[in-house]
Amino acid sequence: MTHIQPIASNTAAPTIKPAFTSAPDNKPAADIQEKKTSNTVKAVIGTAGALAIAATIIGGIRYKKGKDIAKEVKELMKTCKIGYSAQHVKNNYNNNEQIAKRLEEISKLKPKEQLSALKLLETDMSNLNLLAYWRRMDGKGVSKVMDTVPAEVKKALDDNDILKAAELYRQLGVNLPKGRVLSNNGATVAETIENTFGKGSKIKPHTYDKAQEYDVITVYRNQGGYKEGYVNSKNEIISGPNGVMPKDDDILCRSISHADTIKAVGGNKKDFAVLEGTVHGSNRRQVQLYINGPERDTAGRAIPYKINILSPDGNLTPVQKDLLELAKNPGKFDRRIFDRILEGPETVQEMIDGVTHVNTYKYLNYDLILSAIQSMVK
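Treat the numbers as computed from the prediction; the structure is a model and nothing was measured.

Draft legend 1. Up close: the overall build of the protein. Within the protein one finds 13 helices and 10 strands. Within the span of the protein, comprising 378 residues, buried residues form 52% of the whole. Restricting the contact set of the protein to residue pairs at least 6 apart, pairs at least 24 apart contribute 68%. A total of about 17100 Å² of accessible surface is found on the protein, and carbon and sulfur atoms cover 50% of it.

Draft legend 2. Structural detail: unusual backbone geometry. Look at Asn 160: it is not a glycine, yet its phi comes out positive at around 60 degrees. With respect to the helices and strands, Asn 160 occurs in the loop between α7 (151–158) and α8 (162–171). What makes Asn 160 partly exposed here is its relative accessible area of 25%.

Draft legend 3. Looking closely at the pattern of salt bridges. Per the stated rule, a full pass over the model turns up 15 salt bridges. With its nearest N and O atoms 2.7 Å apart, the salt bridge here joins Glu 295 to Arg 221. Here Glu 295 is found in strand β7 (residues 285–296), whereas its partner Arg 221 is found in strand β2 (residues 216–222), with 74 residues between them in sequence. Classification of Arg 221 as buried rests on a relative accessible area of 5%. One salt bridge connects Arg 336 with Asp 334, and the closest N-O pair in it is separated by 3.1 Å. We note that Arg 336, like Asp 334, is buried. In the salt-bridge network here, residues are joined through shared partners; they are Lys 202, Asp 334 and Arg 336.

Draft legend 4. Region of the structure containing the nonpolar core. Ranked by internal contacts, the top residues of the largest apolar core, which has 37 residues, are Ile 217, Leu 289, Ile 307, Phe 338, Ile 341, Ile 369 and Ile 373. Only α9 (189–197), β2, β6 (272–278), β7, β8 (302–310), α11 (318–328), α12 (335–341) and α13 (366–377) provide two or more residues apiece to this core. When residues in this core are grouped by element, the largest group, 8 residues, is from α13. Ignoring anything within four residues of it in the chain, the contact list for Ile 341 reads Phe 197, Tyr 363, Leu 364, Asn 365, Leu 368, Ile 369 and Ala 372. With 33 residues, the next largest nonpolar core counts Leu 157, Ile 162, Ala 165 and Val 174 among its residues.

Draft legend 5. Quick look at empty space enclosed by the protein. Tallied over the entire structure, the rule returns 2 cavities of 30 Å³ or more. Space inside the second largest cavity adds up to approximately 50 Å³. Lining the second largest cavity, in full, are Glu 213, Tyr 214, Val 216, Ile 217, Ile 309, Leu 310, Val 319, Tyr 366 and Leu 370. Of all the secondary structure elements, the ones that give two or more residues to the lining of the second largest cavity are β2, β8 and α13.

Draft legend 6. Local environment of α11. All of the buried residues in α11 are Val 319, Gln 320, Asp 322, Leu 323, Leu 324, Leu 326 and Ala 327. Buried-residue contacts for α11 involve β5 (262–267), β6, β7, β8 and α13.

Draft legend 7. Quick peek at the packing of aromatic side chains. This model, assessed by the stated rule, comprises 3 aromatic pairs. Look at Tyr 220 and Tyr 226: their rings are 4.7 Å apart centre to centre, the planes differ by 40 degrees, and that puts the pair in the tilted class. Seen in terms of ring centroids, Phe 333 and Phe 338 are 5.9 Å apart; in terms of plane orientation they differ by 15 degrees. Their pairing is stacked. We note that Phe 333, like Phe 338, is buried. Aromatic rings pair up to connect Phe 272, Phe 333 and Phe 338 into one cluster. Here the guanidinium or amino end of Arg 221 rests over the ring plane of Tyr 305, the centre of that ring lying 4.4 Å away. Above the ring of Tyr 214, the side-chain terminus of Arg 284 is found at 5.0 Å from the ring centroid.

Draft legend 8. Here's a closer look at α13. The first and last C-alpha atoms of α13 sit 17 Å apart over 12 residues, in line with the 16 Å expected at 1.5 Å per residue. By the criterion of burial, α13 is predominantly enclosed, with 11 of the 12 residues buried. The complete set of buried residues in α13 reads Tyr 366, Asp 367, Leu 368, Ile 369, Leu 370, Ser 371, Ala 372, Ile 373, Gln 374, Met 376 and Val 377. Tucked into the core, α13 has its buried residues touching α9, β2, β3 (226–232), β8, α11 and α12. The distance from a side-chain oxygen at the start of α13 to the backbone nitrogen of Asp 367 is 3.0 Å, and the residue carrying that oxygen is Asn 365.

Conventions used here
Residues numbered from 1 in each chain as written. Predicted model: local features only at pLDDT ≥ 70, side-chain atom pairs only at ≥ 80, totals over all residues. Heavy atoms only, no water. Helix = DSSP H or I, 4+ residues; strand = E, 2+ residues; numbered from the N terminus. Buried < 20%, exposed > 50% of the residue type's maximum accessible area, 1.4 Å probe, protein only. Contact = heavy atoms within 4.5 Å. Areas by Shrake-Rupley, 256 points an atom, 1.4 Å probe, with all protein chains shown as cover. Salt bridge = Lys/Arg side-chain N within 4 Å of Asp/Glu carboxyl O. Core = buried A, V, L, I, M, F, W, Y, C linked by side-chain atoms within 4.5 Å. 1 Å grid on protein atoms, 1.4 Å probe; cavity = no way out; pocket = protein on both sides within 12 Å on 5 of 7 lines; lining within 4 Å. Points joined across faces, edges and corners; volume = space filled by probe spheres on them. Phe/Tyr/Trp six-rings, centres within 6.5 Å; stacked < 30°, edge-to-face > 60°. Lys NZ or Arg CZ within 6 Å of the ring centre and 35° of its normal. Expected span 1.5 Å × (residues − 1). Polar contact = N/O pair within 3.5 Å; in protein donor to acceptor, adjacent residues only side chain to side chain.

Below, the structure is given as structure tokens:
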């Protein structure tokens, strides 16, 4: 691992002009306070939101008690026919005939039996999407995750017998990871810090209880076009917000694209602002680091990026409270730490639904972000 030189705590940050207007739904820190941004919903997730590994969103659907079974069946049938999973199965396996036949068989069952069968099929399709994702990544020499998959599952995949592959996957208890851990991630948080910043960094391992925090941090930075990023508490980079319920899919999107329910509560005009409020359309608390980065647009203005810390409910989390403290003490803020954590782009390319995407972050790490915040506050 190539180390960068430790960032000296007494080095002055470069002067940054906050004015910048070319990013969607982004306003300069000085202009955010008390102003509303556009309510237009932007497709910030794009194709990545429907990524195969995000299929666990679908598999994680929960239904309210007492909900009409017929309605549940209808919704699940629609999901399996035209939802994320079906689209990815079509693109990756070219064997939707099996899915169509299974759906036809299920439609002839009694309502309760239909519901059970559809839930099982939905899970199987989600697993097929994970298998498709990791097969692509292995093919690029990026990972060897598929080495852990039993031979009989691989054979069924090679034979394009996708339902058999999914059934074997489930029966054999295969559990592929939901995302990719980047190369700077160490066995300990301290090792991750050293792998990212080199020895002697002023950033120290955090002591937060991650169980009190929301599982996903969302980020957004311009890299020849704004690129969203998601990292979960296991430090897995996920190309879509997997592992959460569908309503959180929306929340994660809105934490990036909507800023009309958060406002600046501190920071400085040169480097950063801290914004606080709720995620648009929800009671979930959002505290955002709005950072004027080192990049410049054609007019010479600083290009900002964002780090969003969300809450699992309507209450502020310990990390969010520390960010609010940092807003009151802008002299403790060191932008260059976050410049490094959100550095990119990575050179790894992924083919998703016929579109080439780039893993846009080299060092993005949940524990790194928490450690940086806590170290600056102390």
